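So the chains spell out like this:
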Amino acid sequence: MKARVGIYVCECGNNISDQVDIAALIPILEDAPGVVKVMPFRLLCSKEGQDFLEAEIRQEGLTHLVVAACSPRQHLTTFMEVSKRGGLNPYLLQMANIREQCAWVTLDRKEATEKAARMIRAATARVVRQAPLPEREVAANPDLLIIGVGISGAAMVRTLAGPERRLYVVDRDVAVTEGPLSGMEGVELYGGWQLEAVRGFFGNFEVTLSSGDSKKEIKVGAVAICSGSRTMTLQEMDYPGWEDPGVVLLPPDLEALMPHLEGLPERPKVLFVHCAGREKVGYCSGTCCLRSFRAMRWLAEKVPAAQLACLYQDICVPGRKGEKEYQGILGAGVRMTWGRLTGLSSQGRRTAVSFLREDGSSGQETADLVVMVPATVPDPGAKVLMDIIGADAGSTGFVEEGHPMLEPMATSVRGIYVAGSASGPRNAEASMLSASAAAAQIDAELRPGETLRLEAQTSQVCEALCTGCRNCLNVCTYGAIVYDPVAQTCQVNEAICRGCGNCVAACPSGAISVKGATYQQILQEIREAVR
Amino acid sequence: MTGGMGPQALVPLLERALQKGTCDAVLLPMRTPRNDSYAFVLVRDPLLLQRSDPLPPVQTVTGGRALSSLTRHGGGGLRILAVMRPCETRGAIELAKLGQVDLKDVTLITMDCPGTVPLPMFARGELHPSGIDFSDQSIRPICQICDLSCAAVGDLHLGWGEGLAPVLLPGNERGSKVLQDLGLKADHDASEWSAAAGRRAQARREEREVRLGQLRTSTSGLDNLMVHLDSCINCHNCMRVCPVCYCRVCTFDLKRQERSANEVLDLAKTRGHLRMPMDTLMFHLGRMNHMSLNCVSCGACEDACPAGVPIAQVFAMVSDRTQRAFGYRAGMDRKQRPPLITFLEEELEGEDEQRC
């Protein structure tokens, strides 16, 4: 069938028409191969614009559609829906971004118009080489595996538990089986079990759990990592002299401090050392200042005679309540000293704390008890989990989010979510918040009874060209490629592939392409853009 | 080391390896039945080794390619002793990094290489020596500037030459193991050989700098480069024989690479003139782009060129610089990953000029 391409140029109010001479574009575009209609429109994303486009597709019998407007990030899905309503496969649509990439980047009207013409012609050359792609759906299992029952894991169970989906909750601690979550509807608790293997993909994961020699296979649609974090030990911080008996870690349960205060002088001096281990881990944990201030307040009440002091590098108390807490301890007479801890040593019955001042000179304070306020570090199990799941652990060892802004509750593997301090230091409030956010996202993306839409623009391996070198396996973030030892070629699992194109770039033989972005399409697009 | 003076000294050793079961088979160059050429042959019968010539005066199919067809994607689990020149071995090592050769069961044996004569002249009988020595002037231009001709890149390396006691040097544990299995000791005093090898390499390196420098001047700019490619007939032979060009079908042989006649006419209109066919320069630049980081300067491309294009020298000129830019020398370090398949967040920043 002969291509009938319609090009529709959006004025975007005045956003585009102010800088791009749309009337001058029309004859240049009409000249492009396959084009049967070029029309400007005031605002294509409006209700009127969408109805107009839908009608045009039908009236003109369009086989391909080019929308020259804004960024596809903003309205690609809008216009794909319009295409569908007009009876056109949504992948036969190509957008040319003449707003962000032309109108908004120059004051030169002539240049903007010239570039717009090239970009629209390039989009046209690309779209006529596009084949319709089927929209694929797959039945999805709404059940969820939650790894870890700390604050975030428990919050997630409480949010998502119900008759619609089964929640499998795994924790290496046996005690959770008898804990407060036991007996909830649809919740199966596996205390003392751990994750051994995860196969499959979003909506259809097969998981092996193990406990000693016992194994159990379960099927879930998604996995939530709520494995939490822990605080650094004195040994890990490895400050010189850390073994001194007068040095303790700030415990999670403050009562645990009491035994250390026994046998101290009547007016004991207690020095809280902030940022312990911070330089070693390479980040500010962001939660410890507040925790330390609360501990100081608690101690001041318990042992009114205690003289409290604090060695700090930065004060990090964000949020509505932090400053009040800080002012509170300043008001209570806690002596604040700026200093970077360099070492600890015994001095009689006391402990000497050496530090560097801001000007580089060295200082020393002695105290009856030194309380180290430790940095938060990933749970050692997180790395193991990431390896099993195949998701990215960042350089710090915490679970890396899919995207810090756009997908903060996702990981690099679709269907594997993360909540709480598994992805970075968080206090209880923030862990609760993130658990709620992750639960909401899981509930929205994995609706019980609904199917999942699969990516249509997946990559494909041309078996005749593949040399089986397996470079693509190394760069696939989603684990979507397998090597077939019989065919001696690599193959893409289209249910997992998300069309990112990493493998295309890595393939030395040009054997891989992404549907909708084939070599031929990109080549013709570039040729048209630079001709 | 026992036996004769040159590489032929390896033959009794290989016989013994087959007899004792140190390996299942030996891969090495042999004289063809009519005694007028050489080919890599996989040998399991020690008696057949009599026809072998570990260091033939000409390079036909390169050793890396031969090994690839035997071991690609795991092979059949045969324990092979493979005898080839340093450049061929480096090609095999590059292929191993690219997943096209499996060295798991292969012991690579190299030896000092004095070079080979040009294949076309050999085939026509214009130059048909039965062996080459280190003073030979008739070797290929690419051999004349080969500074790695004595590189001990094999698991086991034979150093030899006129006035030199041959030395057998294990390059790693695998090499030592083979020597041990054969009841041989490594030659501990290799100082005489290493001094000689160092001198050879130094002389070649200097020659390489001079000749490639001249070539660089004369190929500077696309127009001048094209002058050197003027006689290219687009046969793509250079790609087909290249040991590190391993794609099943070359991108430049694919339909998708072809422009339609309309497009070509369109371009001709814009530019005023067009040389036909269009893709000569694109093919060579594209191949350089794809392969220069893996190029081992074996010269197979130049031997295969029916039009006399000095393509191996052009590649040597480019790859010396591209490889230096990445601190890479193809086939030398088995552990170093090829730059094209290594992702680093930060590299080549700021100092391009000094690097290449």
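The structure presented is a predicted model; accordingly, all values stated were derived computationally and were not measured.

**Quick notes on the sheet that holds strand β2 (residues 35-41) of chain A**
Residues and elements named next belong to chain A. With parallel pairing, the four strands of this open sheet are ordered in space as β2-β1-β3-β4. Looking at which strands have only one partner, the edges of the open sheet turn out to be β2 and β4 (93-97). Taken over all neighbouring pairs, the strand axes of this sheet differ in orientation by 15 degrees on average, direction set aside. The pairing of strand β1 (residues 5-10) with β2 spans six bridges and is classified as parallel. When the sheet's bridge partners are listed, V5 is paired in β2 with V35. Where helix α1 (residues 22-30) meets the sheet, it contacts β1 and β2, and its direction lies at approximately 170 degrees from that of β2. This element, helix α3 (residues 72-85), spans β3 (64-69) and β4 of the sheet and lies at about 150 degrees to β4.

**Side note on the packing of helix α2 (residues 47-60) of chain A against α3(A)**
All names here are of chain A. For the pair α2 and α3, the least separation of the axes is 8 Å and the interaxial angle reads 40 degrees. Viewed along their axes, α2 and α3 adopt a mutual orientation that is oblique. As α2 packs across α3, the resulting crossing turns out to be right-handed. Seen from α2, the contacting residues are Q50, L53, E54 and I57; seen from α3, they are V82, S83 and R85. When grouped by side-chain class, the residues that make up the contact of α2 with α3 number three nonpolar, two polar and two charged.

**Remarks on the sheet that holds strand β5 (residues 156-159) of chain B**
All names here are of chain B. The sheet built from six strands is open, its strands ordered β2-β1-β3-β4-β5-β6 with mixed pairing. Only two strands of the sheet have a single partner each, and these edge strands are β2 (38-43) and β6 (167-170). Across the sheet, the mean angle separating the axes of adjacent strands is 25 degrees when strand polarity is ignored. In terms of strand pairing, β5 meets β6 through four bridges, oriented antiparallel. Following the sheet pairing, L156 is matched in β6 by P170. On top of the sheet, helix α6 (residues 173-181) reaches β4 (106-111), β5 and β6; it is set at about 130 degrees to β6, its chief contact.

**Comments concerning the interface of chain B and chain A**
Taken together, the twelve residues of chain B in the interface contact 14 residues of chain A. Considered class by class, the residues forming the side of chain B that touches chain A number five nonpolar, five polar and two charged.

**A word on the pairing of strand β15 (residues 269-276) of chain A**
All names here are of chain A. A large share of β15 lies buried, amounting to seven of its eight residues. In this sheet, strand β16 (residues 307-312) lies alongside β15 in parallel orientation, the contact comprising five bridges. Considered in β16, the bridge of V270 is made with L308. Of the strand pairs in this sheet, β15 and strand β21 (residues 369-374) are connected by five bridges, and their pairing is parallel. Opposite A276, over in β21, you have P374 as the bridge partner.

What counts and how
- Residues numbered from 1 in each chain as written.
- Chains lettered and ligands numbered in written order.
- Predicted model: local features only at pLDDT ≥ 70, side-chain atom pairs only at ≥ 80, totals over all residues.
- Pairing = 2+ DSSP bridges.
- Helix = DSSP H or I, 4+ residues; strand = E, 2+ residues; numbered from the N terminus.
- Axes fitted to C-alpha atoms, helices over the stretch in contact; angles between N-to-C directions.
- Contact = placed C-beta atoms within 7 Å.
- Parallel < 35°, antiparallel > 145°, perpendicular 65-115°, else oblique.
- Left-handed = near helix turned anticlockwise from the far one by under 90°.
- Nonpolar A, V, L, I, M, F, W, Y, C, P; charged D, E, K, R; others polar.
- Buried ≥ 20, exposed ≤ 12 C-beta atoms within 10 Å, placed from the backbone.

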